[in-house]
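Understanding the architecture of this molecule
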Number of protein chains: 2
Amino acid sequence: MSGWLAIAGLGPGDAALVTPEVGAALAEATDVVGYVPYVARVAPRAGLTLHASDNRVELDRAALALRMAAEGRRVVVVSSGDPGVFAMASAVFEALEAGPSPWRALDIRVLPGITAMLAASARAGAPLGHDFCAINLSDNLKPWTLIEKRVRLAAEADFAMAFYNPRSRARPEGFARILALLLECCGPARPILFARAVSTPEEALCSMPLGEARAEMADMRTMVILGSSTTRTIARAGQPILYTPRFVAAGA
Amino acid sequence: MSGWLAIAGLGPGDAALVTPEVGAALAEATDVVGYVPYVARVAPRAGLTLHASDNRVELDRAALALRMAAEGRRVVVVSSGDPGVFAMASAVFEALEAGPSPWRALDIRVLPGITAMLAASARAGAPLGHDFCAINLSDNLKPWTLIEKRVRLAAEADFAMAFYNPRSRARPEGFARILALLLECCGPARPILFARAVSTPEEALCSMPLGEARAEMADMRTMVILGSSTTRTIARAGQPILYTPRFVAAGA
C-alpha cells in the first residue's frame, strides 16, 4: 500500500505563510479534500482531484480521505490555519478511531501551519507573549456552561485569551455574554484585540480597552485576543502595539 | 529612514517548516540578531552580518536590533518557533517601550512561525484539538506560586496543557512538583506526551499515562503536552495517536 494521508495547515490566508512542507505534500498529492474556501486556495493541476465539501460535514470528509488513502491514493486534507487547532486533524482521528482497523496502519502525518491566533498576535505585537489559553466559542461544540466556566477560570489564572469562532449569525448573543463576563472578571481597562481576516486583502485590526468593545466588532472571520493583567499598550501613529512582557514580578 | 526590523520565527528546526515570508525577510536583511543556536540556522552570505549572542541577554539583543534599524539597517531578530510565544517579540517591545521615542516610528513587523507546541502536537496527532493553554514553566520568569496556581486552574478548566521550558539543570525539582500536582488534579490515566527536538535529527517522542511519567523524561529541548479529560489514545504499531475530539457532550 503506497497511499498516504497528510492533514495540512494552509495558514491564515497569505501564500507566504504556507510552509514548504505543506507545499511539497500538495505537489505530490493525487487528491485534496476540504471545506470549499480552503480547497479553493489549492492551485488545480493535471493529476490532482479536488474534493470540496460544505461546512459541518467534517466526519464524512475525513472518512472519504481515509478511504482514498487506504486505496493507495496520496491525499491531503486541507485546513485553514493549523490543522490541529479547532480544525480537521481531530475530525480525521475521530473517523480513524471509529473506522475499520486497517486504517490504523495508514501512513498519516499532520503538517502544522500558522494558526489564526499567532498570525493575529504577530500583527498586533505580542499579546500572547506570556502564558495564554485558546478557547473555541462555537457552542455547537460544547455546552455553554462549560464555555463560561473556562472563561472564568482563565480570567482567574490571568491567562491572555485567544477566542476562535467568536460569533455567527446562528448564535449572535453568545459573544455579547462572553464580553460581559470578561468585563466583570477583568475590568474595563484590559486591552482587547479584534483581528479580522489576517494576511488577506480584507485584513482589519482594531484594539481598545475592554469597556469599549462591542459584540458587533467580531464576525466568524475575526480572531479575538484579550490581554492578561500585565499586557501593555504602546501608543504610536497608527495601530498601537499590544504585548505581554516575559516577566511577572513576585507579589503580582 | 529606510531601515526596518522583522522579528521572525524559524519554526522548530526543519527548514521545511520556515515560512516563505521569513525566508524573504532573511534574504533582504543586512543584519541578523539572535541567540547563538538560532543565528547558526541562518545561511551566511555577503552583505549579511550575523550578531549571535548568549542566552539571557534578550533586552541587550533587542536594543541592538532597534538601534541598527533606527540607523537605517534591515534587521531580522530570529527566534526558534514563533517569536510571539515565549520568545523575542516581547523582549523587543519591552526595549521599544523603554527606549527613545523615535523608535516607535520604526517599521517593525512580527513574522509568525511554527511554535513548538503545534509542531509537537502535529507529530503526536491532535492533542491540542480542543480548548488548551500554554504555560512556561521557567520560574526565573514568574513566581513559583503563580505557576502552581495557573496549573491548578487549568486543570479545573479541563484545558489540555502545553508546557514550555519544563526543566533545566538549574531547577530540576520544579517539573517533578508540577507532575505531582497534575497527578493530584488529573489522575494517573491522563495521557501525557514528551516531544523532544521535534523536526530535528534528535527528535524523540513518547507518550504514556500520567502515572508513569517521570521528570527525567524532559529536558530544555522537550515540549510536554498533557491531554484534557476527553483526550483519546489510539493504539497502533509504533507511536500511538493522541487526539482531543472537537465535541464535549452536554453534562460532561
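Note that this is a predicted model, so its numbers are computed, not measured.

**What to know about the interface of chain A and chain B**
Each side of the interface is counted separately: chain A has 60 residues, and chain B has 60 residues. The dominant element in the side of chain A that touches chain B, judged by the number of residues it contributes, is helix 4 (residues 88-98) of chain A, at seven residues. Within the side of chain A that touches chain B, the residues separate by chemical class into 38 nonpolar, nine polar and 13 charged. Sheet topology places strand 7 (residues 132-136) of chain A next to strand 7 (residues 132-136) of chain B; three bridges connect them, and they run antiparallel. By the bridge assignment for strand 7 of chain B, Ala134(A) is matched with Phe132(B).

**Describing the sheet that holds strand 1 (residues 4-9) of chain B**
Strands belonging to one sheet form pairs held by backbone hydrogen bonds; the direction of such a pair is parallel or antiparallel. Residue and element names in this part refer to chain B. The five strands lie next to each other as 3-2-4-1-5, forming an open sheet whose pairing is parallel. Two strands lie at the open edges of the sheet, namely strand 3 (49-53) and strand 5 (107-111), each paired on one side alone. Recorded for the sheet is a direction-independent mean angle of 15° between the axes of neighbouring strands. As judged from the five bridges shared by strand 2 (residues 31-35) and strand 3, these two strands associate in the parallel manner. In the sheet register, Val33 faces strand 3, and the bridge partner there is His51.

**Some words on unusual backbone geometry**
Residue and element names in this part refer to chain B. One non-glycine residue, Asp158, lies in positive phi territory at about 60°. Turning to its location among the elements, Asp158 is positioned in the loop between helix 6 (144-156) and strand 8 (160-164). A count of 18 C-beta atoms within 10 Å places Asp158 in the partly exposed class. Positive phi, normally seen in glycine, also occurs at Ser199, with a value near 75°. Residue position: Ser199 is located in the loop between strand 9 (191-196) and strand 10 (204-209). Given 22 C-beta atoms within 10 Å, Ser199 falls into the buried group.

**Some thoughts on the domain arrangement of chain A**
Residue and element names in this part refer to chain A. Assigned domains within chain A: domain 1 (4-114) and domain 2 (117-243). The straight-line distance from the C-alpha centre of domain 1 to that of domain 2 is 28 Å. Contact residues are listed per partner, giving seven residues for domain 1 and nine residues for domain 2. Considered class by class, the residues forming the side of domain 1 that touches domain 2 number five nonpolar, one polar and one charged.

**What to know about helix 7 (residues 173-186) of chain B**
A rise of 1.5 Å per residue sets the reference length of helix 7 of chain B, with its 14 residues, at 20 Å; its end C-alpha atoms lie 20 Å apart and thus fit the reference within 8%. Packed against the buried residues of helix 7 of chain B are helix 6 and strand 11 (222-226) of chain B.

What counts, and where the lines are drawn
Residues numbered from 1 in each chain as written. Chains lettered and ligands numbered in written order. Predicted model: local features only at pLDDT ≥ 70, side-chain atom pairs only at ≥ 80, totals over all residues. Contact = placed C-beta atoms within 7 Å. Helix = DSSP H or I, 4+ residues; strand = E, 2+ residues; numbered from the N terminus. Nonpolar A, V, L, I, M, F, W, Y, C, P; charged D, E, K, R; others polar. Pairing = 2+ DSSP bridges. Axes fitted to C-alpha atoms, helices over the stretch in contact; angles between N-to-C directions. Buried ≥ 20, exposed ≤ 12 C-beta atoms within 10 Å, placed from the backbone. Domains from an automatic or database assignment. Expected span 1.5 Å × (residues − 1).

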